[in-house]
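As a plain string of letters, each chain reads:
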Amino acid sequence: MTTLPEKPRGIDPAMLSEGDYFLSLLDQGLRLGLVTNRNTERILSGCMDLLREVTERYTRGGSSSVRVETAQGLLEGVCFTIGVALKAMDSPAAALDALVADGPEGLYRAGRRRIDRKLLVARTLHRQLVRDLFPTPNVYCNATLTDGIAGFFKLYQPDFAPQELHITADYPTCVPVGKVRGVEFIERYLAHLTCENRFLRTFSPAAVHALLLRRNPDYAETPSNLLEPVLTQALGCALAGRSTDRLELDADALTGLERMLHGITRNELRDILYLALPKGFGAETDAYLIRCLDPVSFRIHQAAALGTLTRTFPV
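Basis of the calculations
Residues numbered from 1 in each chain as written. Predicted model: local features only at pLDDT ≥ 70, side-chain atom pairs only at ≥ 80, totals over all residues. Heavy atoms only, no water. 1 Å grid on protein atoms, 1.4 Å probe; cavity = no way out; pocket = protein on both sides within 12 Å on 5 of 7 lines; lining within 4 Å. Points joined across faces, edges and corners; volume = space filled by probe spheres on them. Helix = DSSP H or I, 4+ residues; strand = E, 2+ residues; numbered from the N terminus. Nonpolar A, V, L, I, M, F, W, Y, C, P; charged D, E, K, R; others polar. Expected span 1.5 Å × (residues − 1). Contact = heavy atoms within 4.5 Å. Axes fitted to C-alpha atoms, helices over the stretch in contact; angles between N-to-C directions. Parallel < 35°, antiparallel > 145°, perpendicular 65-115°, else oblique. Left-handed = near helix turned anticlockwise from the far one by under 90°. Buried < 20%, exposed > 50% of the residue type's maximum accessible area, 1.4 Å probe, protein only. Core = buried A, V, L, I, M, F, W, Y, C linked by side-chain atoms within 4.5 Å. Phe/Tyr/Trp six-rings, centres within 6.5 Å; stacked < 30°, edge-to-face > 60°. Lys NZ or Arg CZ within 6 Å of the ring centre and 35° of its normal.

**Concerning the layout of surface pockets**
Alright, step 1. There is about 330 Å³ of room inside the largest pocket.
Alright, step 2. Around the largest pocket, the lining is made up of 15 residues, and of these R215, S224, N225, E228 and P229 lie nearest the centre.
Alright, step 3. Secondary-structure elements contributing two or more residues to the lining of the largest pocket are α8 (205-215), α9 (227-239), α12 (283-306) and α13 (309-312).
Alright, step 4. Split by residue class, the lining of the largest pocket holds six nonpolar, five polar and four charged.
Alright, step 5. Around the second largest pocket sit 14 residues that line it, and K87, K118, V180, E184 and R188 are the ones nearest its centre.
Alright, step 6. Put simply, the parts of the chain that give the lining of the second largest pocket at least two residues each are α3 (68-87), α5 (104-131) and α7 (182-200).
Alright, step 7. A class-by-class count of the residues in the lining of the second largest pocket yields six nonpolar, one polar and seven charged.

**Things to note about empty space enclosed by the protein**
Alright, step 1. Inspection of every chain in the model, using the stated rule, returns two cavities of 30 Å³ or more.
Alright, step 2. Elements with a minimum of two residues in the lining of the largest cavity: α6 (139-155) and α7.
Alright, step 3. Per-element tally for the lining of the largest cavity: the top contributor is α7, with four residues.
Alright, step 4. Broken down by class, the residue content of the lining of the largest cavity amounts to nine nonpolar, one polar and one charged.
Alright, step 5. It is α3 that provides the largest number of residues to the lining of the second largest cavity, a total of five residues.
Alright, step 6. Tallied by class, residues from the lining of the second largest cavity come to four nonpolar, two polar and four charged.

**Some words on the environment of Q128**
Alright, step 1. With respect to the secondary-structure elements, Q128 resides in helix α5.
Alright, step 2. Between the C-alpha atoms of Q128 and E53, which are 75 residues apart in sequence, the distance is 37 Å.

**Focus: helix α2 (residues 37-58)**
Alright, step 1. A rise of 1.5 Å per residue sets the reference length of α2, with its 22 residues, at 32 Å; its end C-alpha atoms lie 31 Å apart and thus fit the reference within 8%.
Alright, step 2. Buried residues belonging to α2 abut α1 (21-31), α3, α4 (92-102) and α5.
Alright, step 3. Phi for R60, located one or two positions after α2, is positive at around 55 degrees.

**Some remarks on the side chain of R112**
Alright, step 1. Along the chain, R112 falls in helix α5.
Alright, step 2. Leaving out residues up to four positions away in the same chain, R112 has contacts with T81, P158 and D159.

**Section: the packing of α2 against α3**
Alright, step 1. Orientation of α2 relative to α3, taken along the N-to-C sense of each, is 120 degrees, at an axis distance of 9 Å. For the element pair α2 / α3, the angle class is oblique. Seen along the crossing, α2 lies across α3 with a hand that is right-handed. On α3, the residues that touch C47, M48, L50, L51, V54, T55 and Y58 of α2 are T70, A71, L74, L75, V78 and I82.
Alright, step 2. Taken together, the residues of the contact of α2 with α3 sort by class into eleven nonpolar, two polar and no charged.

**Considering the environment of L120**
Alright, step 1. Mapped onto the elements, L120 comes out in helix α5.
Alright, step 2. L120 sits in the exposed class, given a relative accessible area of 57%.
Alright, step 3. Here the alpha-carbon distance between L120 and V100, two residues 20 residues apart in the chain, equals 30 Å.

**Things to note about the nonpolar core**
Alright, step 1. Grouped together as the largest cluster of nonpolar side chains are 67 residues, with contacts concentrated most on F152, I186, Y189 and L231.
Alright, step 2. If you tally residues by element for this core, the top one is α7, at nine residues.
Alright, step 3. Here I186 is in contact with A122, I149, F152, F153, L165 and I167, once residues within four sequence places are set aside.
Alright, step 4. The next biggest cluster of nonpolar side chains, apart from the first, holds 25 residues, and it includes L50, L74, C79 and L86.

**Side note on the packing of aromatic side chains**
Alright, step 1. Following the criterion strictly, the structure yields six aromatic pairs and no others.
Alright, step 2. With 5.3 Å between their ring centres and 80 degrees between their planes, Y58 and F160 make a pair best called edge-to-face. Residue Y58 is found in helix α2, and its partner F160 is found in the loop between α6 and α7; the two are separated by 102 residues along the sequence.
Alright, step 3. Classification of Y58 by relative accessible area gives partly exposed; the value is 38%.
Alright, step 4. Chaining the aromatic ring pairs together yields one cluster made of F152, F153 and Y156.
Alright, step 5. Residue placement shows K279 over the ring face of Y274; its charged tip is 4.8 Å from the ring centre.

Pasting the structure below:
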């Protein structure tokens, strides 16, 4: 009996790199037999044509020759820009089809336009965030969210180094941004921070300050996220039947929480926290807070198992 050749499998999005989307997509296409060697050569040749074009702009027409390190950086920027356009496709399969059919040139132009739009969105988010920033003495939060992000916009070169970040972004978000780079990182970082800031602003700065001091007297000098402990305490108050306004729990409330959480599984805990989760902040922020339940439930479950809830819910 004749055995039919196995149909090529589709591309698993989990196998693609957020930071190097274009090259990882092309690599997966080759591995799965979805793109030929000849097409790959044509695509890479188009990238080299784009590199020459970008190099001429970089040197202002003075020379087509630059240092190897510079050329590598410019080529990386070309690939990053193409990847920005490919990510906008409906699926990895559609992105690969567009890459094979159209080549890299048109995708590069489309990616460059998307980078400009992302910059515009990021600038708008930053202006709004700075204007409404939750007051806190935490130096990492203040320095990163104001001067640090402003420094990114000053240093960013979308034509020559769109993949570069230029800043360290020392203040962490509750939900990790991921391995995106350049303006994609900044846009997502600011979107996360906007959601966190919207939640924090529903509490008194004095109540948040008192809570964070109970958890860590040096929190103002520590590069730690502000939302996670506030959300954790708010959920603890809700589960204990206490008001969340002051973010305070007494010894009786903590004893009740210890009984409630004794022997509970992580999945059971997450379901309970989901029901107690405050809502009504807007679709994006509500969805973000749900994502925050993963790190919050992990730490509460771990503390309950170790008998250290008093560190998680300071009284």
